[in-house]
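Geometric and topological summary
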Amino acid sequence: MTDKELVQGIQSGNREALEIIIEKYYNDIYRFCRYYTGDETDSYDITQDVFFRFIKYAEAYHHQNLKGYLIMIARNLCMDYYKQQKESFPFAEIPDLARSDHTLQQLEDELFLREILMKLPIQQREVILLREYEEMKFHEIAKLLSCNLSTVKSRFRLGILNIRKLLAENKILF
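This structure is a prediction, so every number in the text was calculated from the model and none was measured.

Time to look at the packing of helix H6 (residues 122-133) against helix H7 (residues 138-145). Their axes nearest at 10 Å, the elements H6 and H7 cross at an angle of 135°. The orientation of H6 relative to H7 falls into the category oblique. Considering how the two elements wind past one another, H6 and H7 form a crossing that is right-handed. Seen from H6, the contacting residues are Glu-126, Val-127, Leu-130 and Arg-131; seen from H7, they are Phe-138, Ile-141, Leu-144 and Leu-145. Looking at side-chain class alone, the contact of H6 with H7 contains 6 nonpolar, no polar and 2 charged residues.

Listed below in structure tokens is the structure:
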């Protein structure tokens, strides 16, 4: 089924359609929230809230890109989370090695990447997350963030430059 058919199913009260959408997009939304907030527990909560909001307003859904719409909800909830934090984001806790199927090197790489991303300004971080992890095109990101295309490209470029600078300065050590 297409996303459009699934949304129509939800609007008709089809619970199975909702389950399919959640299964299809849950990991993408969680990953976005995780990199945005840096906190595992809060990211699970925010991801749940994304789908609760989607369910609540499913009747009013009129967008063409369901994943983009869900990410937009996630972004707004993550921004609310960010505003509620009185200090800068804490670094993400170390994943539970007993529950993970990752190798130690993969975990180290993931932690290293998270630490770098958390050091970027929020606007640069979200553009990099949307572009690299959600594989959105620049024009899609511009529409989602309600800014012009050149701003998105500039934030991406500056984010990449900042990542390179952080790596070159060896500010992040493991």
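Now, onward.
What follows concerns the pattern of salt bridges. Inspection of the entire model under this criterion finds 7 salt bridges. Of the charged contacts, one joins Arg-15 and Glu-19 as a salt bridge, the two residues approaching to 3.6 Å between their closest N and O atoms. Within this pair, Arg-15 and its partner Glu-19 are both found in helix H2 (residues 15-37), separated by 4 residues, close to a single helical turn. Accessibility expressed as a relative area gives 62% for Arg-15, which makes it exposed. Glu-19 gets classed as partly exposed once you look at its relative accessible area, which sits at 45%.

What follows is about H2. Of all the bends in H2, the greatest, near 50°, is centred on Tyr-25. The backbone nitrogen of Glu-16 lies 2.8 Å from a side-chain oxygen of the residue at the head of H2, namely Asn-14.

Within the largest apolar cluster, 48 residues are counted, with the highest numbers of intra-cluster contacts made by Ile-21, Ile-29, Val-50, Phe-54, Leu-66, Leu-70 and Leu-130. In terms of residue count, H2 provides more of this core than any other element does, 11 residues in total. In this structure, Ile-29 is in contact with Thr-47, Val-50, Phe-51, Leu-70, Ile-71 and Ala-74, ignoring residues within four places of it in sequence.

Here is what the cut-offs are and how they apply
Residues numbered from 1 in each chain as written. Predicted model: local features only at pLDDT ≥ 70, side-chain atom pairs only at ≥ 80, totals over all residues. Heavy atoms only, no water. Axes fitted to C-alpha atoms, helices over the stretch in contact; angles between N-to-C directions. Helix = DSSP H or I, 4+ residues; strand = E, 2+ residues; numbered from the N terminus. Parallel < 35°, antiparallel > 145°, perpendicular 65-115°, else oblique. Left-handed = near helix turned anticlockwise from the far one by under 90°. Contact = heavy atoms within 4.5 Å. Nonpolar A, V, L, I, M, F, W, Y, C, P; charged D, E, K, R; others polar. Salt bridge = Lys/Arg side-chain N within 4 Å of Asp/Glu carboxyl O. Buried < 20%, exposed > 50% of the residue type's maximum accessible area, 1.4 Å probe, protein only. Bend = angle between axes of the 7 residues up to and from the residue. Polar contact = N/O pair within 3.5 Å; in protein donor to acceptor, adjacent residues only side chain to side chain. Core = buried A, V, L, I, M, F, W, Y, C linked by side-chain atoms within 4.5 Å.

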